[in-house]
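The primary structure of each chain is shown beneath.
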Amino acid sequence: MHESQMQQLWDSAHLSGSNAAYVEELYELFLHDANAVPEEWRTYFQKLPAVTGNSPDVAHSAIRDHFVLLGKNQRRAQPVSAGTVSSEHEKKQVEVLRLIQAYRLQGHQAAQLDPLGLWQRQPPADLLLNHYGLTDADLDTTFRTGELFIGKEEATLREIRDALQETYCRTVGAEFMHIVDSEERRWFLQRLESVRGRPQYSPEVRTHLLERLTAAEGLEKYLGTKYPGTKRFGLEGGESLIPLIDEIIQRSGSYGVKELVIGMAHRGRLNVLVNTLGKNPRDLFDEFEGKKLVELGSGDVKYHQGFSSNVMTQGGEVHLALAFNPSHLEIVSPVVEGSVRARQDRRGDRSGDKVVPVAIHGDAAFAGQGVVMETFQMSQTRAYKTGGTLHLVINNQVGFTTNRQEDARSTEYATDVAKMIQAPIFHVNGDDPEAVLFVTQLAVDYRMQFKRDIVIDLVCYRRRGHNEADEPSGTQPLMYQQIAKQRTTRDLYADALTQAGVVTAEQVQAQFEAYRGALDEGRHVVASLVKEPNRDLFVDWKPYLGHAWTARHDTGFDLKTLQDLANKLLQVPEGVVVQRQVGKILEDRQKMTAGGLPLNWGFAETMAYATLLHEGHPIRITGQDVGRGTFSHRHAVLHNQKDAVPYVPLQHLAENQPSFEIYDSFLSEEAVLGFEYGYATTTPNALVVWEAQFGDFANGAQVVIDQFITSGEIKWGRLCGLTMLLPHGYEGQGPEHSSARLERYLQLCAEQNIQVCVPTTPAQIYHLLRRQVIRPLRKPLVVLTPKSLLRHKLAISTLEDLAHGSFQTVINELDQIDAQQVKRLVLCSGKVYYDLLEKRRSENRQDIAIVRLEQLYPFPEDDLADVLAGYPNLERVVWCQEEPMNQGAWYCSQHHMRRAVSGYKQGLGLEYAGRDASAAPACGYASMHAEQQEKLLHDAFSV
Ligand code: AMP
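To keep things clear, this report deals only with the structure shown in the data block. (Residues numbered from 1 in each chain as written. Predicted model: local features only at pLDDT ≥ 70, side-chain atom pairs only at ≥ 80, totals over all residues. Heavy atoms only, no water.)

Scanning the chain from terminus to terminus reveals 31 helices and 26 strands. For the C-alpha atoms alone, the extent of the chain along its principal axes is close to 110 × 80 × 55 Å. When burial is assessed residue by residue, the chain has 58% of its 943 residues classed as buried. At a minimum sequence separation of 6, the contacts of the chain that also span at least 24 residues come to 80%. When the accessible surface of the chain is split by element, carbon and sulfur atoms take 49% of a total near 37,400 Å². Distance from the positive charge centre (98 side chains) to the negative charge centre (120 side chains) of the chain: 2 Å. (Helix = DSSP H or I, 4+ residues; strand = E, 2+ residues; numbered from the N terminus. Buried < 20%, exposed > 50% of the residue type's maximum accessible area, 1.4 Å probe, protein only. Contact = heavy atoms within 4.5 Å. Areas by Shrake-Rupley, 256 points an atom, 1.4 Å probe, with all protein chains shown as cover. Lys, Arg positive; Asp, Glu negative; His and termini not counted. Charge placed at Lys NZ, Arg CZ, Asp CG, Glu CD.)

Judged by how many residues are buried, strand 12 (residues 454-459) sits mostly within the fold: six of six residues are covered. Here strand 12 shows no split at all, with Ile454, Ile456 and Leu458 on one side and Val455, Asp457 and Val459 on the other all buried. Relative to strand 12, strand 8 (residues 390-395) runs parallel, the two sharing six bridges. Each residue of the ladder has a partner; that of Val393, found in strand 12, is Asp457. Pairing between strand 11 (residues 425-429) and strand 12: five bridges, direction parallel. Bridge assignment links Asn429 to a residue of strand 12, and that residue is Val459. (Pairing = 2+ DSSP bridges.)

Take the pairing of strand 8 next. Here strand 8 lies mainly inside the structure; six of its six residues are buried. In strand 8, alternate side chains face the same way, and those of Leu390, Leu392 and Ile394 on one face and His391, Val393 and Asn395 on the other are all buried.

Near the ligand, the surroundings consist of Ser308, His319, Ala321, Arg343, Phe538, Val539, Trp541, Thr681, Gly717, Arg718 and Leu719. At a separation of 2.9 Å, a nitrogen atom of the ligand approaches a polar backbone atom of Thr681. Arg718 has a polar side-chain atom sitting 3.5 Å from a nitrogen atom of the ligand. Expressed as a share of its isolated accessible area of 470 Å², the protein-covered part of the ligand is 78%. Across the shell around the ligand, the residue classes break down as five nonpolar, four polar and two charged. (Near = heavy atom within 4 Å. Polar contact = N/O pair within 3.5 Å; in protein donor to acceptor, adjacent residues only side chain to side chain. Nonpolar A, V, L, I, M, F, W, Y, C, P; charged D, E, K, R; others polar.)

When you line up the elements, Gln486 lands in the loop between helix 16 (477-485) and helix 17 (489-499). A polar contact is formed between the side chain of Gln486 and the side chain of Asp431, at a distance of 3.1 Å. When sequence neighbours within four positions are dropped, the list of residues in contact with Gln486 reads Pro115, Leu116, Asp431, Tyr461 and Arg463.

Sheets are built from strands paired through backbone hydrogen bonds, the pairs being either parallel or antiparallel. Spatially, five strands are ordered 21-23-22-25-26 in an open sheet, and the strand pairing comes out mixed. Each edge of the open sheet carries a strand with a single partner, namely strand 21 (810-811) and strand 26 (910-915). As judged from the five bridges shared by strand 25 (residues 876-884) and strand 26, these two strands associate in the parallel manner. By the bridge assignment for strand 26, Cys880 is matched with Ala913. Each of strand 22 (824-828), strand 23 (848-853), strand 25 and strand 26 touches helix 30 (residues 890-904); the most contacted strand, strand 26, lies at about 150° to it. Here helix 31 (residues 926-942) sits on the sheet and contacts strand 22, strand 23, strand 25 and strand 26; the angle it forms with strand 26, its principal contact strand, is near 165°. (Axes fitted to C-alpha atoms, helices over the stretch in contact; angles between N-to-C directions.)

Next up, the structure:
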């Protein structure tokens, strides 16, 4: 704002009698909430350019300083006269409005959130009357309430303060004033203040709450007696979680939600399984007794198990899925999001009305684990949004043995990280079940209305140690002295209801015994459980079960239709102006389609997608820069040079084609790979691809690779057809851009858990991608993709190669070489093949054959044996790799190769040609790289 405008404003009749401090305070107030200042002031402030919209063009402090400066001048010039807006009452009115704002902002700091009563928090000075120049003498003075939602325009200061105290400082601590959207803020103000933070609940609702608490406590007590000292990560101290989830399910159901996917770590999991999802207690007891419950696989401990069921709600049947998860805390959150997105896509639920994610966290992990931040960051992005997640933090105030505040975090609350996306946060005292119910209702309503994340921080405690075999008082003595004295949540609530005449002591006892009786008989304890679930609510995985990886599937495709599809892709609509180099790529693709140019990688990959779409399979591709491709080979998204509007040819193949979704991801590996795992384990008929920008960046997602992708099937029986594209190749770009760390994947291979492939031709990637979907086997596919090969003059295919055949696990020598003459067979994978080929051709060696292993796992032993058998006079077999000896395929795959070689001729060994062992994946100097490369090629031909 210009000086002159400010002066003009200041000089106006309305302002001329006021003083700077007053205006400044009003302005402060206005900045927090425009509705909190009187109408005439609001109109003035709104006219200032600095405060229109969300991005002031003049800094707030500058305007404030201006007011102060002008005020000083004014004060000097004109004394304040009585009867103007600066009258004593008006000034106090402003202070009262500030007090109201302070409660909204900071009331949570004075709320009674800790059931143990151990928190030592000073109520903030901003909540005290004297902070505003108000005293007890003002308590009976009447003030305007501004937009305080207490149903009155005017009230005494006492009433106002009491209403604020009740709303913001009882057992709910509300944090929502950091939300920038004023509609959302007002929504919360209205919801909270209109009931003073505590609605009245009917006797039925209250009795139901008690029943749920009885179930929660009853199960833990039962297990504690029956299996003393056995690890179960009990919920004791946090029993309010059970009525909380119950309300989420029931209320979501009443909105018409059809599926809820829940992710949670160990604490309370068994309780949720039995009391919420309706797992048969007898099955749980069998697990406690160590019985093997699944036919296949090596299994997992009981507190990692997932579960699915259907329950009945007011709005109809709802499918519940509790995700399987490992001990790595928080990693399940993005997996749940991916699963939810897949279900939403399946239902065409673009807005997230039908499927809702629920993420249950622990306080220490929520504050500590980076994947929490990554998952929040994805919540509103195109690729990953799910219409808002309900986050519940089981805040037991201790992380294993680590103390809540001094060591576990640097923030006041464990939940502060959620503010990064302006998520509202409701802290609630776990010993007040009605307050828990209230915030749960608020959370579900908010999520359904605004489609954004919200956090409930259930402040509770952990009655025992980290697990039942762990003694906590050694490290948290004072806390556990208090816990020893603490009556259970159910006990306290039962007393409260008995005193209020809602239930009798006999009814309380009867509730308890009924629950115990059900457990004794091993009966289901969830009344709303649907015994004959509606199977339409979830996917049938049977077609994907029980297939052998060796079964061949023809991945060819009618040549004419292939060309038609390619032509369709290349028809860029009128008005879409493509960038010059992109135009050249499209021209080249036109020539490839017409048979005038050999096919390159980008073309073949695109045709794999086009043909799969044509055959009815949806496709989802994500990763950093996937639209274009890190190395500019894909160009699946064309950006109109006129208006930057993207055009995706693969979305325009046919009227009712399956979806083709391609999104550049935000810069994460861990959360996004977890998400795609969740997506792929929920969508068997689709091709789901995640591409790393460079292959080694996947190391940021190692937890997902270890704990889910490579072991999920054997631990949990969960199939997954996810494809990972990992650029790999030694091209002198240094340690960080060369290796996709092939050795790590190979080291994790066993029991046919994943497929690891290194295709070297356009036709091979085409058939490989098609095989991944057309073959009904659902196994994760790890593909080491090339960089320089994308444009290599020898790495080419023909249209016929795409039209016929299938993926070859082993590619035999292609040059015309007399097999009788071959003495040396060089085995290799990936780009080094072309270096070897060029060398062999330039040296005109007729005694060497070069054979490519295009699939390293499951190892194609039979195919390799067949190839070897074609060379009757072999004297040496060499494995050649670009990677250092301690990396690449050498250590992890040589036993497979040796088996094939010794099967060919007893006593024939396998020799190594490659870089020496090295701590780094590659060297940093181009000259050194070239020397090493030359040597390994030389070795391959002469060791
Ligand atoms: P959900 O919708 O996740 O509750 O899954 C419903 C049912 O489908 C499960 O109970 C499983 O029997 C089956 N199922 C779901 N996902 C998979 C998967 N990835 N692999 C095999 N079976 C699955």
